[in-house]
Amino acid sequence: MTNCCMRIALALLAAGVLVAAQAGEPNKGAGAMRPLMFQKIKISDERYESAGVFDVDNDGHLDIVSGGFWYPGPKFDKPCTVGPVRAEGEYFDDFSTIPMDVNGDGYTDFVTGGWWGNTVRWRENPRGDPGKVWTEHVVAQVGNVETTRAWDVDGDGRPEIVPNTPGGPQRVYKLITDAAGKGAGKFAEHIVYDKPSGHGFGFGDLNGDGRGDIVRAKGWLEAPEKPLGGAKWIFHEEFDLGSASCPVIVADVNGDGLADLIVGQAHGYGLDWYEQRLEGGKRRWIKHPIDPANSQYHDLVWIDIDGDGRPELVTGKRYRAHCGNDPGEFDPCGIYYFKWTGEGFAKQVIDFGQPRVWGGPADQPAAGKGCGIQFQVVDLDGDGRLDVVAPGKDGLVLFKNLGFAPTK
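(A) Examining the layout of surface pockets more closely. By volume, the second largest pocket amounts to about 450 Å³. Forming the boundary of the second largest pocket are 20 residues, of which Arg149, Ala150, Trp151, Val301 and Gln374 lie nearest the centre. Elements that contribute at least two residues to the lining of the second largest pocket include exactly β8 (98-100), β12 (147-151), β20 (249-251), β24 (297-303) and β28 (376-378). Top element by residues in the lining of the second largest pocket is β24. It accounts for 4 residues. Residues belonging to the lining of the second largest pocket are distributed by class as follows: 15 nonpolar, 3 polar and 2 charged.

(B) Quick look at the packing of aromatic side chains. Applying the stated criterion to the full structure yields 15 aromatic pairs. Seen in terms of ring centroids, Phe239 and Trp285 are 5.5 Å apart; in terms of plane orientation they differ by 90°. Their pairing is edge-to-face. One end of the pair, Phe239, is in the loop between β19 (234-236) and β20; the other, Trp285, is in strand β23 (residues 282-289), and 46 residues separate them in sequence. One exposure class covers both Phe239 and Trp285, and it is buried.

(C) Quick peek at the sheet that holds strand β4 (residues 69-71). The strand order across the open sheet built from 4 strands is β2-β3-β4-β5, with neighbouring strands paired in antiparallel fashion. Each edge of the open sheet carries a strand with a single partner, namely β2 (52-54) and β5 (80-81). Two strands pair when backbone bridges link them, and β2 and strand β3 (residues 63-66) are joined in this way by 3 bridges, in the antiparallel orientation. The partner of Phe54 across the bridge, within β3, is Asp63.

(D) Seen up close, the sheet that holds strand β10 (residues 119-124). Reading across from one edge, β8-β9-β10-β11 is the order of the 4 strands in this open sheet, with antiparallel pairing throughout. The sheet is open, and its two borders are formed by β8 and β11 (135-141), each paired with just one other strand. The sheet shows a mean angle of 30° between the axes of neighbouring strands, taken without regard to direction. The sheet contact formed by strand β9 (residues 109-113) and β10 spans 4 bridges and is antiparallel. The residue of β10 that forms the bridge with Phe110 is Arg123.

(E) Here's a closer look at the environment of Leu313. Within the secondary structure, Leu313 sits in strand β25 (residues 312-317). Each C-alpha atom of the pair Leu313 and Pro224 lies 29 Å from the other, and the pair is 89 residues apart in sequence. Ignoring anything within four residues of it in the chain, the contact list for Leu313 reads Ile262, Leu271, Ile290, Leu300, Val301, Trp302, Tyr336, Tyr337 and Phe338.

(F) Representation of unusual backbone geometry. The step from Gly73 to Pro74 runs through a cis peptide bond, and the omega angle for that step is 10°. With respect to the helices and strands, the residue Pro74 is situated in the loop between β4 and β5. The amide bond that connects Cys246 to the next residue, Pro247, takes the cis arrangement and shows omega of 15°. The topology assignment puts Pro247 in the loop between β19 and β20. We note that Asn58 has phi near 55°; this positive angle belongs to a residue other than glycine.

(G) Geometry of the pairing of β24. Across the 7 residues of β24, 5 count as buried, placing the element largely inside the fold. Examined bridge by bridge, β24 and β25 share 5 bridges and lie antiparallel to one another. Within β25, the position partnered with Ile303 by the bridge is Glu312.

(H) Fine view of the side chain of Arg123. Here Arg123 is to be found in strand β10. Since its relative accessible area comes to 5%, Arg123 is described here as buried. Engagement of the side chain of Arg123 in a polar contact is seen with the backbone oxygen of Trp134, the distance being 3.1 Å. Aside from chain neighbours lying at most four places away, what touches Arg123 is Val82, Gly83, Pro84, Val85, Asp109, Phe110, Val133, Trp134, Thr135 and Glu136.

(I) Focus on the pairing of strand β21 (residues 260-264). Counting buried positions over the 5 residues of β21 gives 5, a clear majority of the element. The alternating pattern of β21 places Asp260, Ile262 and Gly264 and Leu261 and Val263 on opposite faces, both of which are buried. Relative to strand β22 (residues 271-279), β21 runs antiparallel, the two sharing 4 bridges. For Gly264, the partnering residue across the bridge sits in β22 and is Leu271. The hairpin formed by β21 and β22 contains 6 residues between the paired strands, and Gly270 there has a positive phi angle of roughly 125°.

Conventions and cut-offs
- For every chain, the first residue of its written sequence is number 1, and the numbers climb from 1 along that sequence.
- It should be noted that, the model being predicted, local features are given only for residues of pLDDT at least 70 and side-chain atom pairs only at 80 or more, the latter also being counted only at that level, while totals for whole chains, interfaces and linings use all residues.
- Only hydrogens and water are removed before side-chain values are computed, so all heavy atoms of the structure are retained for them.
- Definitions used throughout: a 1 Å grid over protein atoms alone; a cavity as a set of points that fits a 1.4 Å probe which cannot get out; a pocket as an open set with protein on both sides within 12 Å along at least five of seven lines; a lining residue as one with an atom within 4 Å of a point.
- Grid points are joined across faces, edges and corners, and a volume is the space filled by probe spheres set on the points.
- For the purposes of this entry, the term helix denotes a DSSP run of H or I that reaches at least four residues, the term strand denotes a run of E that reaches at least two, and both are numbered from the N terminus.
- Under the grouping applied here, Gly and all other residues not named as nonpolar or charged are polar, the nonpolar ones being Ala, Val, Leu, Ile, Met, Phe, Trp, Tyr, Cys and Pro and the charged ones Asp, Glu, Lys and Arg.
- Only centres within 6.5 Å qualify two rings of Phe, Tyr or Trp (six-membered ring in Trp) as a pair; their planes then separate them into stacked at under 30 degrees, edge-to-face at over 60, and tilted for everything else.
- A 1.4 Å probe rolled over the protein chains alone gives each residue an accessible area, and that area as a share of the maximum for its type sets the label: buried under 20%, exposed over 50%, partly exposed in between.
- Pairs of strands are assigned from DSSP output, requiring at least two bridges between the strands.
- Here, axes are lines fitted to C-alpha atoms. For helices the fit covers the stretch in contact, and angles between N-to-C directions go from 0 to 180 degrees.
- Any two residues whose heavy atoms approach within 4.5 Å are treated as being in contact.
- Identification of polar contacts relies on pairs of N or O atoms within 3.5 Å, with a donor-acceptor requirement for protein atoms, meaning one able to donate a hydrogen and the other able to accept it, and with residues adjacent in sequence counted only if both atoms are side-chain atoms.

Printed below as a string of structure tokens:
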């Protein structure tokens, strides 16, 4: 087989055109093995790579917030002002959209960060006014920010802000609250490990002690009894995840009671899961491929998208992650969900096709869609089905979940 033919075969296999046998027993229930159908709805041609979903104006409808604009639900057809976002070449310095009422006024703000601004910051919701700019507040100078996530690091039921700063230490920012538990508009900084983080991170209980640990590119940080109380986090250098995704998913994939890892290569080919095994009192990690044929799996979501009570892996390609310089940059784009069968992951396609022509007209022919640096899987319209909100340099798109494909 020629190299060209091999690439075509791999692309078809990656898209789910070539279907492998699937184990049916672990997926009992009507419709469990049928793929979901999605309606592709363009929201905007704006090129911001992060999106969040929350009720901006407290009208009872979820809204989409992405970069310099927010789009009121339930129609999402009217761009409203957030404010200017620093542009750097093809990028915007806006690599996360984390909903949080930072100042306790009853309106949801959002936290972001970026590579060039070197800061974690939050933008203040002007009480839902669609014409006002959201004031920007700097939380801290932290160096280059790959992205940020919200995880309950100290186990008190409230999420902390955790940035991935590849060249800097691992920091955690805890929202300061008043006696009533409302945000006071400020954050307390905790440095839990002073060595450079590397690209990619994750959070979850790796050793079964009930506390959330932090996954890094070349090992994991074991949380002490009081994670933000100043005690030392212990680093275990047990693996090398490469240019790891943000996040790395911590989940018991195979149901053996041990937490495993799901890792995408954010700037190269590969999507894998690492099986945790305990042998003779020592921990080992066994790498299993999920999808070696596609590249730039930057953001991963572990969620029950088909409603069968078991989580699926939802992910896809970050279009032009390094502006044409990553392996596989010009391969087809796609967004997928992967369903655990008991023996491996079965791939289902949400969208797939040739990437958009960078710099081409807004009305160019339909193309495959990527999912940016932070996308969302959420029930936007209250119909009980989870939809996908996918930002990126290839535009902002909503994939409305229509439920299972018919059997005939």
